Amino acid sequence: MARLEFEKIQPTVGNSFRLYHATDEESCRVYWHHHPEYEIVYIPAGKGRRQIGRHLSRYEDGELVFIGPNIPHLNFAYGQSSDFEEFVIQLREDFLGKEFLKNVEMESIQLLFEKSKRGLAFGRDTKRKVGEKIQQMPTQTGFERMMTLLWVLHEMALAVDFELLHSEANSPDVPPKETERLRRIYSFVETHFQTEINPNDVAETVNLSLPAFCRYFKKMTHQTFTEFVNDYRINHARVMLLQNINVAEVAYECGFNNLSHFNRTFRKLTHQSPGEYRRQFSTALYPLS
């Protein structure tokens, strides 16, 4: 079962961003996670599931996505066969310095970063063109790799064959110094979401009074703490529903003390009942052909 995890990302030595090329052996750990870095994922071939925030769909003939910061997403290795392969680039917005993207020449890339906060999936033409360059990056020198990344970002910024995966941006703009405090809050929810959560207990973990905690959390995430917990629980439930687990069991495993409350909350956040949601994505319940 996938549990939302905070992924701590460090660039490799001598690089201002992280790049890795994963095969089936490296991608076998499937988990539901989030991080403050932007992420480009390129999958050369195959079909599978994309679950990014509240968006769930399938991709065909490989995948190219650009995911903004702090958007929960499921590993793309989920349900894949032994020949699965992916390239992942993870970077912060200031990976070239705080002022670099403010240059007029970077205006289109600035806009790309902003759009990525809604999650971007690219079409066949951009996927092919950009993918060829990304596949070259693991064998390049540090300088060549940086030039290729800028080219990749520029091409994605100019692309017209893209899909926005969210109706609105849903990731908070979190200052780096606050990441650790939010990580502690998220960690508390991750540990206790299956039981009743007392906001006073969470406030204590970050040394705030309850009123101050509520104000802080709303300012940083643009959600109330209750809304965040419900989002977390329903996102967890969505993953469980793909595993053909009984709906009542899903509800209780996700911290809802009665089925009616779970059904109401699920419909409010997804505009579907749990049963309708499961039927819509019923193909995801079975191994990919």
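Here is what the cut-offs are and how they apply
- Residues numbered from 1 in each chain as written.
- Predicted model: local features only at pLDDT ≥ 70, side-chain atom pairs only at ≥ 80, totals over all residues.
- Heavy atoms only, no water.
- Pairing = 2+ DSSP bridges.
- Helix = DSSP H or I, 4+ residues; strand = E, 2+ residues; numbered from the N terminus.
- Axes fitted to C-alpha atoms, helices over the stretch in contact; angles between N-to-C directions.
- Contact = heavy atoms within 4.5 Å.
- Buried < 20%, exposed > 50% of the residue type's maximum accessible area, 1.4 Å probe, protein only.
- Parallel < 35°, antiparallel > 145°, perpendicular 65-115°, else oblique.
- Nonpolar A, V, L, I, M, F, W, Y, C, P; charged D, E, K, R; others polar.
- Expected span 1.5 Å × (residues − 1).
- Arc of directions from axis to C-beta.
- Polar contact = N/O pair within 3.5 Å; in protein donor to acceptor, adjacent residues only side chain to side chain.

Focus on the sheet that holds strand β4 (residues 38-43)
A sheet is described by the order of its strands in space; here six strands give the open sequence β2-β9-β4-β7-β10-β11, paired in antiparallel fashion. This sheet does not close on itself; its edge strands, each paired only once, are β2 (18-23) and β11 (162-164). Going across the sheet, the axis of each strand differs from the next one's by a mean of 15°, ignoring polarity. Direction of pairing for β2 relative to strand β9 (residues 85-91): antiparallel, over a ladder of six bridges. Directly across from Thr23, in β9, lies its bridge partner Glu85. Strands in contact with helix α3 (residues 142-158) are β2, β4, β7 (63-67), β9 and β10 (120-122); relative to β4, the strand with the most contacts, it is inclined by about 90°.

Description of the pairing of β4
Summarising burial for β4: six of the six residues are buried, a large majority. Side chains Tyr38, Ile40 and Tyr42 project from β4 onto one buried face, and the interleaved Glu39, Val41 and Ile43 project onto a second face that is buried too. With five bridges joining them, β4 and β9 adopt antiparallel strand pairing. Bridging across to β9, Ile40 finds its partner in Ile89. Sheet analysis places β4 next to β7, joined by five bridges and oriented antiparallel.

Focus on the packing of helix α7 (residues 225-241) against helix α9 (residues 259-270)
Viewed as axis vectors pointing N to C, α7 and α9 meet at an angle of 95°, and their least axial separation amounts to 10 Å. When the interaxial angle is binned, α7 and α9 end up roughly perpendicular. From α7, Asn230, Asp231, Ile234, Ala237, Arg238 and Leu241 reach across to α9, where they touch Phe262, Thr265, Phe266, Leu269 and Thr270. Of the residues contributing to the contact of α7 with α9, the split by class is six nonpolar, three polar and two charged.

Side note on α9
End to end, α9 covers 16 Å across twelve residues, agreeing with the expected 16 Å (1.5 Å per residue, within 8%). For α9, the complete set of buried residues consists of Phe262, Thr265, Phe266, Leu269 and Thr270. End-on, the buried residues of α9 take up no more than an arc of 110°, which puts them together on one face. Projecting away from the buried face of α9 at angles above 90 degrees are the exposed residues Arg264 and Lys268. The inward-facing, buried residues of α9 abut α7, α8 (247-253) and α10 (274-280). In this structure Asn258 caps α9, since a side-chain oxygen of it lies 3.2 Å from the backbone nitrogen of Ser260.

Quick notes on the environment of Tyr232
By the element assignment, Tyr232 lies in helix α7. In the structure, Tyr232 is positioned 46 residues away from Tyr186 in sequence and 9.5 Å away in space, judged by C-alpha atoms.

Some points on the pairing of β7
In the case of a regular strand, side chains alternate between the two sheet surfaces. With respect to burial, β7 is a largely interior element, five of its five residues being buried. Of the two faces of β7, the one lined by Glu63, Val65 and Ile67 and the one lined by Leu64 and Phe66 are each fully buried. In this sheet, β10 lies alongside β7 in antiparallel orientation, the contact comprising two bridges. Across the sheet, residue Phe66 finds its bridge partner in β10, namely Leu120.

Spatial relationships are all this shows, so hold off on functional conclusions.
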